[in-house]
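Breakdown of the fold
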Number of protein chains: 2
Amino acid sequence: MPSNESANAFNAILNPRSIALVGASAAPEKAGGRRWKTLVEGGFDGALYPIHPKAREILGRRAYRSVRDLPGPIDLAVVIVSPGDVPGVVADSLAQGARGVVVVSAGFGETSESGRLVEQELATAARASGARLLGPNCAGIYSGPARVNVVGWEMRPGRIALVSQSGNLALDFADLSRKTGQGFSRAVTIGNAADVRAVDLIEYCLNDPQTDVVLAYLEGFGPLEGRRLCELVDAASTPKPIVILKPGRSEGGRRAAMSHTGSLAGEDRLIDAALRQHGILRAFDVEEAWQAAVALTKRVPMRSNSVAVLTDGGGHATLFCDAAGLAGLATPPFSEPTRRALQALLPERCATSNPVDFAGLAERDPGVVPKALEICLADAGIGGAVMVGHFGGYEKLGGPTLRPQEIDAASAIADIADRHQKPVQVHSVHADANPPALVALRDRRIPVLRSVDMSARTLGHLVQAGRLGRPTPDAPSAAASPPYGIRPRSAYAGSSWLQEPEARTVLESWGVRVPRWAVVGTPEECARAAESFGGAVVLKLVSAGALHKSDIGGVLLGVKGPDRAAAGCSELLAKAEKASLGDARVLVAAMVQGRVELVVGAFRDPQFGPAIMVGAGGVLVELLDDVSFRLAPVSGAMAIEMVQELRVGKLLRGYRGAAPIDVSPVAALIARVSAMMSECPEISEIDLNPVILADDGAHVADARIVLDHSI
Amino acid sequence: MPSNESANAFNAILNPRSIALVGASAAPEKAGGRRWKTLVEGGFDGALYPIHPKAREILGRRAYRSVRDLPGPIDLAVVIVSPGDVPGVVADSLAQGARGVVVVSAGFGETSESGRLVEQELATAARASGARLLGPNCAGIYSGPARVNVVGWEMRPGRIALVSQSGNLALDFADLSRKTGQGFSRAVTIGNAADVRAVDLIEYCLNDPQTDVVLAYLEGFGPLEGRRLCELVDAASTPKPIVILKPGRSEGGRRAAMSHTGSLAGEDRLIDAALRQHGILRAFDVEEAWQAAVALTKRVPMRSNSVAVLTDGGGHATLFCDAAGLAGLATPPFSEPTRRALQALLPERCATSNPVDFAGLAERDPGVVPKALEICLADAGIGGAVMVGHFGGYEKLGGPTLRPQEIDAASAIADIADRHQKPVQVHSVHADANPPALVALRDRRIPVLRSVDMSARTLGHLVQAGRLGRPTPDAPSAAASPPYGIRPRSAYAGSSWLQEPEARTVLESWGVRVPRWAVVGTPEECARAAESFGGAVVLKLVSAGALHKSDIGGVLLGVKGPDRAAAGCSELLAKAEKASLGDARVLVAAMVQGRVELVVGAFRDPQFGPAIMVGAGGVLVELLDDVSFRLAPVSGAMAIEMVQELRVGKLLRGYRGAAPIDVSPVAALIARVSAMMSECPEISEIDLNPVILADDGAHVADARIVLDHSI
């Protein structure tokens, strides 16, 4: 679908000129009454039509019995009627020219299979009319610039666009919005998403000039929608922060998501890696997601993870520093010039390292806070600052004369933050009570938080977001691609698994290094091959009927010398005969001594498409659970990052005096596996285990390639 | 100090019959004015004396110029005057009979070394009069049953005792108390703790019938105070939950704690293990600590970690289940009878596995929530339940007629929780707005939380607390002690490090298994020893001047046969001669082939005393950082737990088809090391690395024992 047409259709939903609400009511306790009320009170300045079977007017607007009776065409129809009546209302609305239909009514795909078919028909009908349909079973929409509010509760306008797979989460964010004084450009709950999908709306919001930050609650993605999201971000002309609240870290969370929204099961660590790879922030807690979005509306990047901590005294600074360490932040001691400047400003009893502790002074003279902040932010090593304690509530202890001083200090804090273009946050015990000084900060988009832990996590997100839009050190390009090799489907269409000799042939054709090998049919051939390779060999039975070689004892490791090789071959062929495997041959391969074993894998994720994995191999696999994921395509430079992220990366960098191991051969191998996945859609899975890193390169000692017959 | 005398002294502070506030004022913006106001308004019914240089009365109470002018003796003096005046006021107060002195004034140890000396003198003077002194530099005290409030802000009475190393944290908890409707039995801020220490107050509160839960904010412990806390808990006649908010997970947090309260540096993982070992809960976030304390006031244990999740629909249930998995909880599908009962109750569209999703029904009929809860709690496999979503706020959407129904449902929820004696929590988007139904829940001590993440963490703490008071499977007893061995001080008083032969002799005397070894002075002796041991040997240079053997190349590994042993011995002795080591000998020891290497260590922690560590050894040490700590004494059964906690525990349980390795020999070794630490105070450190686990037992291949000369 061309994006212009898409934007037009979404404009009918988010920037309509006329709206009919079918099921409007004067009773505020009804779903239609509540939404009609917020719609009328929201100040929408286009035509508004309540549709009701009997009423003549509702809240001062003339009511109509049916959409068909309206005096003119409509852009948007909002439908809140019993599920059986929905198809007729939708048809009437489309006939009346609606290009957007929002179905709040429930009782469709979430209830039964027949309901699912009905909602699919609704979506088809809408698309056939050039319209888009939101829902069914959604809570409604809010569009601040258009003054459209059909969620049925108060929404505060602002610069955050919310896309939510849950109406209750939208209610939750609306409550946090009231508390934090930041608001929404748009808020859309997608319900069953029969037509309009979350990713469609994220695309709209990325291009929406009214939106500074996109916030989404997603339990999962539809087929390949995760990849589409990543591609949208890559294609955006100017980067815009996206925060996704997405559960899935624990088994219980994944099961609940599948039961709630029918999400696809996915490898959560891949989701994590894919989002990070594309500069999308991920949160797991509602307030964490909201606070990150609020902080990002300021659009001030955090260029270093070092935070200056200022406190009016007490344990909050210690708790902040502790949480900061876990959130990827540092709270290092200040430079000597900064300390000296702070010492010149503050009495001797105040700590002037990091944290700066005003030790009771700020409660008497709040103006000292911006003065110290100015000094800290001028320190080139400092990326941002936080004031923790009970700023904003000093008047509660020290009396009302402090109020104007606190407000002045708040204003000075915001000025200094703007001048230095570094993120500044205020933690305050009084954040929820929202006294005037904190309102003053929030009005200048200085985030004010109630919890030190949340402050640290929010700044951690800003550090992550600071990396947004930075160029990848080595973006994959055609020139960097390895030579093309054999496409397995054309060569070996007979089975969904490649035999190991076939897998080795394919890998070698793509430039992947495999230890010397041969396929033999007799003990004599086997002995000759072993002799020519020298050293120990491994023998593996090869047969279409023996894919799981080790199950029938079809693998012999560490076979030394031609005589033993011949004997081993006889043994394997005898086993094959006993198991009635007519096509049995034996693979002889040189054994490689290495220093570290890795696993390299590739697969097609249902949500994110082709993906690459590298992990610690051998005995460490299960002990360490040490893996790193990326979406394909993966360049050599990205592959090096993947390997360095591993905990076994330590071993590779030269451990306990051992020489470091060059990772470029395994990085090249990973890039080639990535190219195979991109060029050969028929490969569903590649599993190279182990990949042995030796001083002379990376050797694939065992390979499995699985094909997808449907391609 | 006898605990009765101690309780009496603390009674003068927390249950005084008369109070003088020196520095009282009519000005509420002053520290003394604010505190006098809350003290007078708090309704204290004993004698109250404001002391002020000029005023004749303050807030209706007759004022005095000095404590000396008072008409009668006082129990408690609260001192808020300039620091220079404090010593005189304290002396006067003690002369006037005060048994408790609370010094709010700052400007002592936190400011300068001379200030530290002054506060020590104050403490000494108080103790000499049989009194106790709190502070200086503290925020004051609150004692609900005694109606004493000298913190200067409103406090809500309740059953939680707070001991805080920070006044601002007390302010924070007071704010959370207002929001959650739970309150304080006592709240004490300890300031510089010149006399009364946090652990003293925790001891008082453990024995305080007005207190159900002890909550403490601690940045650190004084020398051995951590161990004292653990011993107090063990000695308590009835267990009482303790929640400690204690930073220290990150380097930045530890540095800030040292700078803020002069905390001792300690191994944070030991603190974690020691608290867990003694059933003390640890939190890292302010609200997390508070919510855990609130939930624990209900005194209903959580006997299984399986939680039933009920939701009015939406993503909060998914987010809860996800967070639950990380908090050590499970949200498993219900048993078949439970599902059938839920299906009989609810319409078909509702999910009846776990979570139970009311899908819009609860907002219309809140009474369905307790009905479903009853069914879930009757499931024997379920340890507790949570309702998530927007319960309490249904009236905001569905109209005021729902209010009484929600209140009735709240009451029924509390009844059911009480009847089943299982913890129940409610998460609600409206938790902070505190509508009547949520007040009804809180009045019945059903915790209501604003955040699903916090709900999961709170229930996780309840599961941990459920293990409180359970007997250790095998408590260390005299009978289980190993035979006593050589005490290193008497044998080897000459150095702070034992030479390795001495260390081996000591270890063997305590029943620790060491591979065969001998000390030789000539190549011929070395060859004979190697021959008699058979197999490969290790040769180590032994000399008082060569403690770091490997630094001068003083270790030869894998030496095979008597000839090579003789040559190796010559090589080492030549090195010694070159380095002018006059006393050089050579240790010959059999090399042991094992399947897994561990590290066993023992040390004396400044806060917690003797402690034992076991960890993964060899190359895994740094990759895995896989260690387990306990306070000594450690029994064999506890040692088995320690080893099983390790990630390498997987290797020991029989990994990838390998036979399991018996851990009882290494557990016995750990118990013996523990006994050495208990019996030999002169040992400051034991480091056995590696300990080789082989099929025939646990062998110590290298041993280091460090002595403390001061003992």
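These numbers come from a predicted model, not from an experiment. (Residues numbered from 1 in each chain as written. Chains lettered and ligands numbered in written order. Predicted model: local features only at pLDDT ≥ 70, side-chain atom pairs only at ≥ 80, totals over all residues.)

Before going further, it helps to examine the overall build of chain A. For chain A, the helix and strand inventory stands at 25 helices and 30 strands. In terms of overall dimensions, chain A has C-alpha extents of about 95 × 80 × 40 Å along its principal axes. Expressed as a percentage of its 711 residues, the buried residues of chain A come to 57%. At a minimum sequence separation of 6, the contacts of chain A that also span at least 24 residues come to 71%. (Helix = DSSP H or I, 4+ residues; strand = E, 2+ residues; numbered from the N terminus. Buried ≥ 20, exposed ≤ 12 C-beta atoms within 10 Å, placed from the backbone. Contact = placed C-beta atoms within 7 Å.)

So, about the pairing of strand 12 (residues 213-217) of chain A. Residue and element names in this part refer to chain A. With five of five residues buried, strand 12 is to be regarded as a mostly interior element. Here strand 12 shows a buried face lined by Val213, Leu215 and Tyr217 and a second buried face lined by Val214 and Ala216. With five bridges joining them, strand 10 (residues 157-164) and strand 12 adopt parallel strand pairing. Counted as the bridge partner of Leu162 is Leu215 from strand 12. Pairing analysis gives four bridges linking strand 12 to strand 13 (residues 242-245), with the strands arranged parallel. By the bridge assignment, Ala216 is partnered in strand 13 with Ile244. (Pairing = 2+ DSSP bridges.)

Moving on, we get to the confidence of the model for chain A. Residues and elements named next belong to chain A. Averaged over every residue, the pLDDT of chain A is 91; the share at 70 or more is 94%. Across residues 475-480, where pLDDT falls below 50, the model places five contacts with residues more than four positions away in sequence or in other chains. Here the prediction assigns the complex a pTM of 0.93, and the interface score ipTM is 0.94. (pLDDT = per-residue confidence, 0-100.)

This part takes up the environment of A:Ala668. Within the secondary structure, A:Ala668 is located in helix 25 (residues 664-679). Each C-alpha atom of the pair A:Ala668 and A:Gly511 lies 9.1 Å from the other, and the pair is 157 residues apart in sequence.

Here the focus is the relation of the copies chain A and chain B. Superposition of chain A onto chain B requires a rotation of 180 degrees combined with a translation of 0.0 Å along the rotation axis, giving an RMSD of 0.1 Å. These values place the two chain copies in the arrangement generated by a two-fold rotation axis. For chain A, the smallest separation between a C-alpha atom and the rotation axis is recorded for A:Leu624, amounting to 3.5 Å. Both copies present the same face, since 100% of the interface residues in chain A are matched by interface residues at the equivalent positions in chain B. (Least-squares fit on C-alpha atoms with pLDDT ≥ 70 in both.)

This next bit is on the sheet that holds strand 6 (residues 100-103) of chain B. Strand pairing in a sheet takes place through backbone hydrogen bonds and is either antiparallel or parallel in direction. All names here are of chain B. The strand order across the open sheet built from five strands is 2-1-5-6-7, with neighbouring strands paired in parallel fashion. Looking along the sheet, the strands with just one partner apiece sit at the ends: strand 2 (47-51) and strand 7 (132-134). Strand-to-strand twist of the sheet, defined as the mean angle between neighbouring strand axes without regard to direction, takes the value 15 degrees. In the sheet, strand 1 (residues 18-22) pairs with strand 5 (residues 76-79) via four bridges, with the strands oriented parallel. Across the sheet, the residue bridging to Ala20 is Ala77, located in strand 5. Each of strand 1, strand 5 and strand 6 touches helix 3 (residues 86-95); the most contacted strand, strand 5, lies at about 170 degrees to it. Here helix 4 (residues 113-128) sits on the sheet and contacts strand 6 and strand 7; the angle it forms with strand 7, its principal contact strand, is near 145 degrees. (Axes fitted to C-alpha atoms, helices over the stretch in contact; angles between N-to-C directions.)

Let us now look at the packing of helix 13 (residues 368-378) of chain B against helix 15 (residues 402-420) of chain B. Packed helices, taken two at a time, are described by the angle between their axes plus the distance between the axes. Residue and element names in this part refer to chain B. For the pair helix 13 and helix 15, interaxial distance at closest approach is 9 Å and the crossing angle is 10 degrees. Here helix 13 is positioned roughly parallel relative to helix 15, judged by the angle of their axes. Remark: the crossing between helix 13 and helix 15 carries right-handed chirality. Note on element contacts: helix 15 touches helix 13 through Ala409, Ala412, Ile413, Ile416 and His420, opposite Val369, Pro370, Leu373, Glu374 and Leu377. (Parallel < 35°, antiparallel > 145°, perpendicular 65-115°, else oblique. Left-handed = near helix turned anticlockwise from the far one by under 90°.)

Attention shifts here to the nonpolar core. With 493 residues, the main nonpolar core has A:Val79, A:Val102, A:Ile670, B:Val79, B:Val102 and B:Ile670 as its most contacted residues. A total of ten residues in this core trace back to one element, the largest contributor, which is helix 25 (residues 664-679) of chain B. The residues touching A:Val102, leaving out its near neighbours within four places in the chain, are A:Ile13, A:Leu76, A:Val78, A:Val79, A:Leu134, A:Gly135, A:Cys138, A:Gly140, A:Ile141 and A:Val150. (Core = buried A, V, L, I, M, F, W, Y, C linked by C-beta atoms within 7 Å.)

All names here are of chain B. Two elements in contact, helix 15 and helix 16 (residues 436-443), have axes whose closest approach is 8 Å; the angle formed by their N-to-C orientations is 15 degrees. Comparing their axes, helix 16 and helix 15 come out roughly parallel. Read as a crossing pair, helix 15 and helix 16 show a hand that is right-handed. Residues Arg403, Glu406, Ile407, Ala409, Ala410, Ser411, Ile413 and Ala414 of helix 15 pack against Pro436, Ala437, Ala440 and Leu441 of helix 16.

Our next topic: helix 23 (residues 636-645) of chain A. Restricting attention to buried positions, one finds in helix 23 of chain A the residues A:Met638, A:Ala639, A:Ile640, A:Met642 and A:Val643. In this structure, the buried residues of helix 23 of chain A make contact with strand 26 (609-616), strand 27 (627-631), helix 24 (649-652) and helix 25 of chain A.

Moving on: the interface of chain A and chain B. With 67 residues of chain A at the contact, the number on the chain B side is 67 residues. Counting only elements with at least two residues in the side of chain A that touches chain B, the list comes to helix 5 (167-180), helix 8 (251-261), helix 10 (286-296), helix 11 (316-326), helix 14 (394-398), helix 17 (452-465) and helix 22 (620-624) of chain A. At nine residues, helix 11 of chain A tops the list of elements feeding residues into the side of chain A that touches chain B. Among the residues forming the side of chain A that touches chain B, the class breakdown is 24 nonpolar, 26 polar and 17 charged. (Nonpolar A, V, L, I, M, F, W, Y, C, P; charged D, E, K, R; others polar.)

Before going further, it helps to spend a moment on the sheet that holds strand 23 (residues 555-560) of chain B. Residue and element names in this part refer to chain B. The strand order across the open sheet built from four strands is 21-24-22-23, with neighbouring strands paired in antiparallel fashion. Every other strand in the sheet has two partners, leaving strand 21 (517-520) and strand 23 as the edge strands with one partner each. This sheet shows a mean twist of 25 degrees between the axes of neighbouring strands, independent of strand direction. Pairing of strand 22 (residues 536-542) with strand 24 (residues 585-590) involves six bridges; the strand directions are antiparallel. Looking at the pairing, Val542 lines up with Arg585 of strand 24.

Residue and element names in this part refer to chain A. Following the sequence through the fold, Met642 ends up in helix 23. Given 25 C-beta atoms within a 10 Å radius, Met642 is considered buried. Sequence separation of Met642 and Ala198 is 444 residues, and the distance between their C-alpha atoms is 30 Å. Contacts of Met642, omitting those with residues within four sequence positions, involve Val614, Ser628, Arg630 and Ile670.

Cis geometry is found at the peptide bond from A:Asn354 to A:Pro355, where omega equals 5 degrees. Looking at where A:Pro355 falls in the secondary structure, it is placed in the loop between strand 16 (351-352) and strand 17 (356-357). In this structure, the amide linkage connecting B:Asn689 to the following residue, B:Pro690, adopts the cis form with an omega of 5 degrees. With respect to the helices and strands, the residue B:Pro690 is situated in strand 28 (residues 683-694). Even without being glycine, A:Arg147 reaches a positive phi, approximately 55 degrees. Along the chain, A:Arg147 turns up in the loop between strand 8 (141-143) and strand 9 (148-149).

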